[in-house]
Amino acid sequence: MLQRFRFLFDRHLTVANCLEKSIAAYGADTEILRFSGDQSALGLDGQSITLVQLQNVVNRLANLLLRHGFKRFDRVAIYKSGAVDYLIFSLAIVRAGGITVPINGKMRSQDVQHYLRYIGARIVFAVAQSLKNLDADELALERRVAIVTDAAEQVSPGVYALKTLLAQESAQFKPVEIAKHDDVMIVHTSGTTGFPKAVTLTHNNVISNTRAGVNCSGHSSEDRLAIFLPLFHVFAQNYIMNAGFVAGATLVLFRRFVPDLVLEDIERQRITMFFAVPTIYIALLGANVPKQKLASIRYYF
């Protein structure tokens, strides 16, 4: 408990060094992620990974970025909807000294191209289906590089398969030093009353948000959190995912909210903390879900 307290309130804690500090606080073999689906592109087998396994794949990704011309404070876009690999990509980007730019995987082509240009993101993590929304000429000239997470080999000039690239990289990497006012993320407003606008978050913003989440909701290393909300929003990213991560909880990741699938896994995996939005709670209330399916949950938000 004392070590956990020291970790959470370590004044030297950064987004870049949190993996090393998590391992020191909770142990290298602590299970941190559970997921479904094929993650072989990341070199992962099975349906879960430990902190040290997470560190290894994140380090390899950071080395991959450097090999593709990445420089300190470069902006790297994550143009995907699924939650499974978001934490891995974002940690790699920040450990290499970059700025993460999460983008809604369902965004229209003209909007995505507009975002990438004004933000200046040269490297984009994407799925093959999304390539049609990127500027083909920019990719062909490698003014922009797309790293595709679900391809087995290089697709075309400027478009690379993550699985092929990652296999060449070392798992050894020293994270950069981050100052508390350094930028680490650019998120976008929802666009309810106009075109979404970019908002820059510093390292201090992310760490303070994360600590506030742990303090308010009481995440702990004994908890299992279901994460199905989109991680291009700060609620799911900071209050759920990041807070659970620094508390040493197990993060159970879903690509999206599918009621039957999520409810089945809540019961099977003994989920203890459930975070959702009002429409999901309304749907669950109207579905008359049997109490035993939710018996493991100790906290709702």
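Please refer to the structure placed before this passage.
Residue numbering note: each chain is counted from 1, following its sequence as written. Local features in this predicted model are restricted to residues of pLDDT 70 or higher, and side-chain atom pairs are both shown and tallied only at a pLDDT of 80 or more, whereas totals for entire chains, interfaces and linings draw on every residue. Only hydrogens and water are set aside; all other atoms, that is, all heavy atoms of the structure, feed into the side-chain values.

Chemist: Let's hear about the sheet that holds strand 1 (residues 31-34): which residues, and what values?
Modeler: Two strands qualify as a pair provided DSSP detects at least 2 bridges between them. Helix and strand definitions follow DSSP, with helices as H or I runs of at least four residues and strands as E runs of at least two, each counted in order from the N terminus. Spatially, 2-1-11-10-12-13 is the arrangement adopted by the six strands of the open sheet, whose pairing is mixed. A single partner strand is all that each edge strand has here, and the edge strands are strand 2 (48-50) and strand 13 (299-300). When strand 10 (residues 224-227) meets strand 11 (residues 250-253), the two strands line up parallel, connected through four bridges. Across the sheet, Ile227 pairs through a bridge with Leu253, a residue of strand 11. Residue contacts are counted whenever heavy atoms from the two residues lie within 4.5 Å of one another. Axis definition: a line fitted to C-alpha atoms, limited for helices to the stretch in contact. Angles are taken between N-to-C directions and run from 0 to 180 degrees. Packed onto the sheet, helix 3 (residues 51-67) meets strand 1 and strand 2 and runs at close to 90° relative to strand 2.

Chemist: Mind laying out the side chain of Thr250, listing which residues take part and the relevant values?
Modeler: With respect to the element layout, Thr250 can be found in strand 11. For every residue, the accessible area (1.4 Å probe, protein chains only) is compared with the maximum for its type, and the residue is labelled buried under 20%, exposed over 50%, or partly exposed between those bounds. Its relative accessible area of 7% is what places Thr250 among the buried residues. Within the local environment of Thr250, its side chain forms a polar contact with the backbone oxygen of Glu31, the two atoms lying 3.2 Å apart. For this analysis, a polar contact is any N or O atom pair within 3.5 Å, provided that within protein one partner can donate a hydrogen and the other can accept it, and provided that sequence-adjacent residues contribute only side-chain to side-chain pairs.

Chemist: Can you lay out helix 3 for me, pointing to particular residues and giving the numbers?
Modeler: Residues spaced three or four apart along an α-helix point in a common direction, a consequence of the helix completing one turn every 3.6 residues. Any helix carries an expected span of 1.5 Å times its number of residues minus one. Compared with an ideal rise of 1.5 Å per residue, which puts 17 residues at 24 Å, helix 3 spans 24 Å between its outermost C-alpha atoms and is within 8% of the ideal. Taken together, the buried positions of helix 3 are Leu51, Leu54, Gln55, Val57, Val58, Asn59, Arg60, Leu61, Ala62, Asn63, Leu64 and Leu65. Once helix 3 finishes, Gly69 follows within two positions and takes phi at roughly 85°, a positive value.

Chemist: Which residues make up the packing of aromatic side chains, and what values go with them?
Modeler: By convention, a stacked pair of Phe, Tyr or Trp rings (six-membered ring in the case of Trp) has centres within 6.5 Å and planes under 30 degrees apart, an edge-to-face pair has planes over 60 apart, and any other such pair is tilted. Within this structure, the stated rule accounts for 14 aromatic pairs. Between the aromatic rings of Phe228 and Phe274, the centroid separation amounts to 5.5 Å while the plane-to-plane angle is 50°, which identifies the pairing as tilted. One end of the pair, Phe228, is in the loop between strand 10 and helix 9 (234-246); the other, Phe274, is in strand 12 (residues 273-274), with 46 residues separating them in the sequence. Put simply, the rings of Phe228, Phe257, Phe274, Tyr281 and Tyr300 pair up and form one aromatic cluster. When the ring centre of Phe73 is taken as origin, the NZ or CZ atom of Arg72, which lies over that ring, is 4.4 Å away. Geometrically, a charge over a ring is one whose NZ (Lys) or CZ (Arg) sits within 6 Å of the ring centre while staying within 35 degrees of the ring normal.

Chemist: Outline the packing of helix 3 against helix 4 (residues 86-95), listing residues and values.
Modeler: It is at 8 Å that the axes of helix 3 and helix 4 come closest, and there the two elements cross at 55°. Relative to helix 4, the element helix 3 lies oblique. You can see that helix 3 and helix 4 cross each other, and the crossing is right-handed. Facing Leu54, Gln55, Val57, Val58, Asn59, Leu61, Ala62 and Leu65 of helix 3, the residues of helix 4 in contact are Leu87, Ile88, Phe89, Leu91, Ala92, Ile93 and Arg95. Here the residues of the contact of helix 3 with helix 4 sort into 12 nonpolar, two polar and one charged. In these notes the angle categories are as follows: under 35 degrees is roughly parallel, over 145 is roughly antiparallel, 65 to 115 is roughly perpendicular, and the rest is oblique. Left-handed describes a crossing whose near helix is turned anticlockwise from the far helix by less than a right angle; the clockwise case is right-handed. Gly counts as polar in this scheme, as do all residues outside two lists: the nonpolar Ala, Val, Leu, Ile, Met, Phe, Trp, Tyr, Cys and Pro, and the charged Asp, Glu, Lys and Arg.

Chemist: Residues and numbers for unusual backbone geometry, please.
Modeler: Located in the positive-phi region is Phe73, a residue other than glycine, with phi close to 70°. Turning to its location among the elements, Phe73 is positioned in the loop between helix 3 and strand 3 (75-80). Of note, Arg270 is a non-glycine position whose phi angle comes to about 55°, a positive value. Inspection of the secondary structure assignment puts Arg270 in the loop between helix 10 (259-268) and strand 12. Arg270 sits in the partly exposed class, given a relative accessible area of 42%.

Chemist: How would you sum up the nonpolar core? Please name residues and give values.
Modeler: In this structure, Leu33, Leu54, Leu61 and Phe245 are the most contacted members of the largest nonpolar core, which totals 86 residues. Apart from residues no more than four positions distant in its own chain, Leu54 is found in contact with Leu19, Ile32, Leu33, Ile49, Leu87, Ile88, Leu91 and Phe245. Joining through side-chain atoms within 4.5 Å is the link that ties buried Ala, Val, Leu, Ile, Met, Phe, Trp, Tyr and Cys residues into a set, and such a set is a nonpolar core.

Chemist: Please give an account of the pairing of strand 5 (residues 123-126) that cites residues and values.
Modeler: On strand 5, burial covers both faces: Ile123 and Phe125 on one face and Val124 and Ala126 on the other are all buried. As defined by bridge partners, strand 3 adjoins strand 5 across four bridges and the pair is classed as parallel. Bridged to Tyr79 within strand 5 is Ala126.

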